[in-house]
Amino acid sequence: MRLSLPAAASRSALVIATALPTALGVLAVSGPVSASAASDAPAYTLASTISPAPLSAAACVSDPACVAAPAPRGGNADDYAALAQAISTAAGKSKAAVLDGTTVVTPATTATVLLQAGTYRLTNGLKLPANVNLRGAGITATTLLMDPTVNWRNFSYSFLIRPGDTKQAGSTNLVSDLTVNGNCRTGAGSADPAALPAQPGQICDFRGATGANSSTGGGISAGDRWTVRQVRFTNLEYFKLWILGTTGVTIADNRFDNWGGAESDGEDNIGGGGRNDGTIIENNQYDATANGNFFDFTNAIRTVVRDNVVHTTPAVAAARGVREYGNLYFEGVIGATVTGNTLEGAHIVLSSNANYSHVAPNKDVTQPRGNTVAGNRIFDSATVGVLVRYDDYLDADGTLGTAGGWNDVSTAGTDHISRPGGDNIVQGNEIVRSRETGIIVFGTPQAKDTADTISANRIVDAGFGGSTTYNTGAGWFDTAGIGLGTGNGDTIQDNTIVDDQSNPTLWYGVQLGARKSTAAPTGSVLGGNTTTGLISAAVRTGSLAPDAPGGPAVANGMLTWDESYAGSNPVAGYRVYRDGLPVADLPVGSAAIPGNLLDSDAAGLETASAGTAGWTTGSTTRASRVDTSGAVGTASLALTATATGQINTYSRKATVTTGATYTSVASFQATTTGRKVRAGLAFTDATGKITRLATGNFSATDPTGGWVTSSYTAAAPSGAVTVQAFLMVENVPAGETHLLDRLGLVTGTNTEQVAIPSGVPGQYQVVAYRADSGDNSAVATVALP
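Each value, and the rule that gives it
Residues numbered from 1 in each chain as written. Predicted model: local features only at pLDDT ≥ 70, side-chain atom pairs only at ≥ 80, totals over all residues. Heavy atoms only, no water. Helix = DSSP H or I, 4+ residues; strand = E, 2+ residues; numbered from the N terminus. Buried < 20%, exposed > 50% of the residue type's maximum accessible area, 1.4 Å probe, protein only. Contact = heavy atoms within 4.5 Å. Areas by Shrake-Rupley, 256 points an atom, 1.4 Å probe, with all protein chains shown as cover. Lys, Arg positive; Asp, Glu negative; His and termini not counted. Charge placed at Lys NZ, Arg CZ, Asp CG, Glu CD. Pairing = 2+ DSSP bridges. Axes fitted to C-alpha atoms, helices over the stretch in contact; angles between N-to-C directions. Polar contact = N/O pair within 3.5 Å; in protein donor to acceptor, adjacent residues only side chain to side chain. Core = buried A, V, L, I, M, F, W, Y, C linked by side-chain atoms within 4.5 Å. Expected span 1.5 Å × (residues − 1). Arc of directions from axis to C-beta. Phe/Tyr/Trp six-rings, centres within 6.5 Å; stacked < 30°, edge-to-face > 60°. Lys NZ or Arg CZ within 6 Å of the ring centre and 35° of its normal. Salt bridge = Lys/Arg side-chain N within 4 Å of Asp/Glu carboxyl O. Disulfide = S-S within 2.5 Å. pLDDT = per-residue confidence, 0-100.

Peer 1: Could you give an account of the overall build of the chain, naming the residues involved and the relevant values?
Peer 2: A tally of helices and strands in the chain yields four helices and 65 strands. In terms of overall dimensions, the chain has a C-alpha envelope of 110 × 55 × 55 Å along the principal axes. Classification of the 785 residues of the chain by burial places 55% in the buried group. Of the contacts formed within the chain by residues at least 6 apart in sequence, a portion of 76% connects residues at least 24 apart. Of the roughly 28500 Å² of accessible surface on the chain, 53% is carried by carbon and sulfur atoms. Placing the 48 positive and 62 negative side-chain charges of the chain at their respective mean positions leaves the two points 3 Å apart.

Peer 1: Tell me about the sheet that holds strand β48 (residues 550–555), residues and numbers included.
Peer 2: The antiparallel open sheet is built from three strands, whose spatial order is β48-β49-β63. Every interior strand has two partners, whereas the edge strands, β48 and β63 (752–755), have only one. On average, adjacent strands in this sheet sit at an angle of 15° to one another, irrespective of strand direction. Sheet topology note: the strand β49 (residues 558–562)/β63 ladder contains four bridges and is antiparallel. Across the sheet, M558 pairs through a bridge with A755, a residue of β63.

Peer 1: Please set out the sheet that holds strand β50 (residues 571–578) residue by residue, giving values where relevant.
Peer 2: In sheet architecture, strand pairing relies on hydrogen bonds along the backbone and comes in two forms, parallel and antiparallel. As summarised here, the arrangement of the four strands in space is β51-β50-β64-β65, forming an open sheet in which the pairing is antiparallel. Looking along the sheet, the strands with just one partner apiece sit at the ends: β51 (581–587) and β65 (780–784). Taken over all neighbouring pairs, the strand axes of this sheet differ in orientation by 20° on average, direction set aside. Two strands pair when backbone bridges link them, and β50 and strand β64 (residues 762–770) are joined in this way by seven bridges, in the antiparallel orientation. By the bridge assignment for β64, G573 is matched with Y769.

Peer 1: Tell me about the side chain of S51, residues and numbers included.
Peer 2: Summarising the element assignment, S51 is placed in the segment before α1 (57–61). Taking relative accessible area as the criterion, S51 reaches 14% and is therefore assigned buried. Side chain to side chain, S51 and D253 meet in a polar contact 2.7 Å long. Those residues in contact with S51 that lie beyond four places of it in its chain are R229, Q230 and D253.

Peer 1: Please give an account of the nonpolar core that cites residues and values.
Peer 2: Counting 85 residues, the largest nonpolar core has L144, V180 and F330 as its most contacted members. With sequence-adjacent residues up to four places away left out, V180 is seen in contact with L144, L160, I161, G219, I220, V231, R232, F233, T234 and L236. With 27 residues, the next largest nonpolar core counts Y662, V677, V729 and L740 among its residues.

Peer 1: Outline the side chain of T469, supporting the account with residue identities and numerical values.
Peer 2: Within the secondary structure layout, T469 lies in strand β39 (residues 469–471). Polar side-chain contacts of T469 include one of 3.0 Å to the side chain of D478. Setting aside chain neighbours within four positions, we find T469 in contact with W476, F477, D478, R515 and A778.

Peer 1: Which residues make up helix α2 (residues 80–93), and what are the values?
Peer 2: Between its first and last C-alpha atoms α2 spans 20 Å; for 14 residues at 1.5 Å apiece the expected length is 20 Å, and the two agree. Buried within α2 are the following residues: L83, A86, I87 and A90. The buried residues of α2 occupy an angular sector of 100° when the element is viewed end-on, so they sit on one face. Facing away from the buried surface of α2 by more than 90 degrees, the exposed residues are A81 and G92. Contacts made by the buried residues of α2 are with β1 (66–68), β4 (111–114), β5 (118–122), β6 (126–128), β7 (132–135) and β8 (142–146).

Peer 1: Pulling in residues and values, what's your account of the packing of aromatic side chains?
Peer 2: Evaluation of the coordinates by the stated rule reveals 16 aromatic pairs. When the ring of F233 is compared with that of F256, the centres are 4.9 Å apart and the planes differ by 10°; the resulting orientation is stacked. Taken together, the positions of F233 in strand β12 (residues 226–234) and F256 in strand β15 (residues 255–257) put the pair 23 residues apart, joining distant regions of the chain. The exposure classification of F233 matches that of F256, with both residues buried. Measuring from ring centre to ring centre gives 6.3 Å for Y286 and Y325, while their planes differ by 45°; the resulting arrangement is tilted. With Y286 in strand β18 (residues 285–286) and Y325 in the loop between α4 (314–320) and β22 (328–334), the pair connects residues that are 39 residues apart, well separated along the chain. When the ring centre of Y325 is taken as reference, the NZ or CZ atom of R320 above it lies at 5.5 Å. It is K516 that lies over the ring of W476; its NZ or CZ is 5.4 Å from the centre.

Peer 1: So what about the pattern of salt bridges? Which residues, and what values?
Peer 2: The full count for this structure, using the stated rule, is 25 salt bridges. Between K167 and D224 there is a salt bridge; the shortest N-O distance is 3.6 Å. On the criterion of sequence distance, the pair formed by K167 in the loop between β9 (159–163) and β10 (173–181) and D224 in the loop between β11 (218–222) and β12 is long-range, its members being 57 residues apart. Judged by relative accessible area, D224 falls into the buried class, the value being 17%. We note a salt bridge from R369 to D449, for which the minimum N-O separation is 2.7 Å. Of the two residues, R369 is situated in the loop between β26 (365–366) and β27 (372–374) and D449 in strand β36 (residues 448–450); the sequence distance between them amounts to 80 residues. Look at the salt bridges and you will find they share partners, linking K448, D452 and D490 into a network.

Peer 1: Account for the state of the cysteines, naming residues and giving values.
Peer 2: Applying the stated criterion across every chain yields a total of two disulfides. In this model, C60 is linked to C66 through a disulfide, with the two sulfur atoms separated by 2.0 Å. Disulfide C60-C66: the torsion about the S-S bond is -100°, which places it as left-handed. Here C60 matches C66 in class, with each residue buried. Each sulfur in the disulfide pair C184 and C204 lies 2.1 Å from the other. Across the S-S bond linking C184 and C204, the dihedral sits near -95°, which makes this disulfide left-handed.

Peer 1: I'd like to hear about the confidence of the model for the chain, residue by residue, with values.
Peer 2: Per-residue pLDDT for the chain averages 89, and the proportion of residues at 70 or more is 91%. In the predicted structure, residues 1–34 sits below a pLDDT of 50 and forms 93 contacts with residues beyond four places in sequence or in another chain.

Peer 1: Provide a residue-level description of the pairing of β64, including the pertinent values.
Peer 2: Within β64, nine of the nine residues are buried, leaving the element largely enclosed by the surrounding structure. By the alternation rule, side chains of β64 split into G762, Y764, V766, A768 and R770 and Q763, Q765, V767 and Y769, which are all buried. Looking at chain direction, β64 and β65 are connected through five bridges and run antiparallel. If you follow V766 over to β65, its bridge partner there is A780.

Pasting the structure below:
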């Protein structure tokens, strides 16, 4: 089971050179700058990179332990019996290792079956006994082709090649220099390059013809100390290469594709787990036509994944109706080394196994621990570059698992064991154009007991083509080079975080803590990180982010939006961007408002002489107009308490339509002591009955020397004929004065606005920013086509 990050919205990458107005702090837009270069991943090829030449017929003849298999019979003839006999003959020539305890005294003697060039049709899978090798005449010369039409159940949850039923200590096996073809597309799978698989995402042909299940016909299931080398996996329904509960397996220089009109199901290409130990996966190549994850182990130790190349393309993903493929998953894996891999359109995940069914072998949970992800090159991931997730589940008693080690196992009827994670190193990777954050660490705090290290990585143009914000399930993150959501004492140092695009997409260098999460990292160590070209800040604290503005809209040369909800993180203002470039900075109280209710004087200016006409007050409130900023034409409404209690005021009445939505808004400022402030609406019906409605949010307190905004939205009730803005300050002592400005009443919800140039396309982005730290909210985006 995969828990994907939420789908990302598309992003414009338009280059805009038109200057914007300079009013309201509007800034000019810079010219175009080239983005980073495309991936230079090595092209997919069937040619060997590290393997020796295939075994020759002459070499087999000279080796008494080598059995030359008969040539394929051709056509629809079944070659299973002939190959099974050749394997049996070879098994008689092999010898088991001699051991003294666990020490090998005399190594095993292996025998070999050499397959000839051509296509062997198999109606049953081959069982390879210990110490018997199966070698072909070359990766494109010899093919084992599954024929499920005789009895597909021979391949149900099974493979073309699998271990024999008896294990031998110290045994070794080699499978090399051939192609395994699962016949998913009948007669397809030749070594002819292709850009797309045939009938992408559709079920295998033989399933429709035979009624076979979706777990029919895998490629190879490896046994202890097997080496699988220079094998091409194509056209397979089930897992391509399966490694479960093994020791010392090596998977080297293999190829995974769906060339020649082939297609495969979405099962993993290299999959398994089962606490396998010491698996090495190196120098393999995955073509863009392949399907499913490149690699996925669940419960394993000391796994090495190095120097592999993975290609994916958006065209293939779209043809299959999936967001991404080709990823590397390490679920419940400890002590892994993941180095030197090149991934194009894919990414790396370290996580627990908690998201599988909570029964053996996944009742107990292993968190990612002691893994090293270093020196990998990751280009154009559909989500993040590297993800580390810590998670657990609750037992019947409502508690998380009991801490334990790798060798601790729970018994029936007891709470599960949770093996804590941490001590993971993500170092020296290059991550370019991930659609979301480059490196992200998050999850359940109790599942991690040791700090992680994220160092010396280079992250470029994160957020390219993706969403600006996304929910991890453990809180919300906005696009950053690095996001850290949980941990104590984690180190983030010497990373280089760059956005070199003409229209940047990377908002932050490092985000500490997720938004909307009760968990947060503590004691994080940051040092030596460098950032260039970011939209916003080098470091952002998620817990300090105010709520995002809502409902951005563009009409009649104006960009408008809803007020940010006034919460515990006070809003100091709004910043506006177009395609990642700054357009305006609007401190609270500074901007013109739709539906402005403050009268102007004869010159059209808001001065004290304009008076308070149109405003009525409660019995304990006195209203006046006072100049506040010193600028010409700026005067606020001042409310003074004549007795202790709530002070309030009402605007002029405006005609309403029953059921329509209305919003009142005001910015408040204290002259001496901050108080709770609220906005509301007062609806009056034809009989004069007044219905007063107001926000129940008491979080907003008006500051001295600044402004805080409150707004309230409601639909006009049945019978209402007029509406007024109804504005309040709570628990005010007699004689105390509070200032109100940006007083507005609008149809709909948008109460903020800024002028924008007409006819200039782009994505407009609005954030609210916090009063003290300056931390931004999530981004509200609207596209102007």
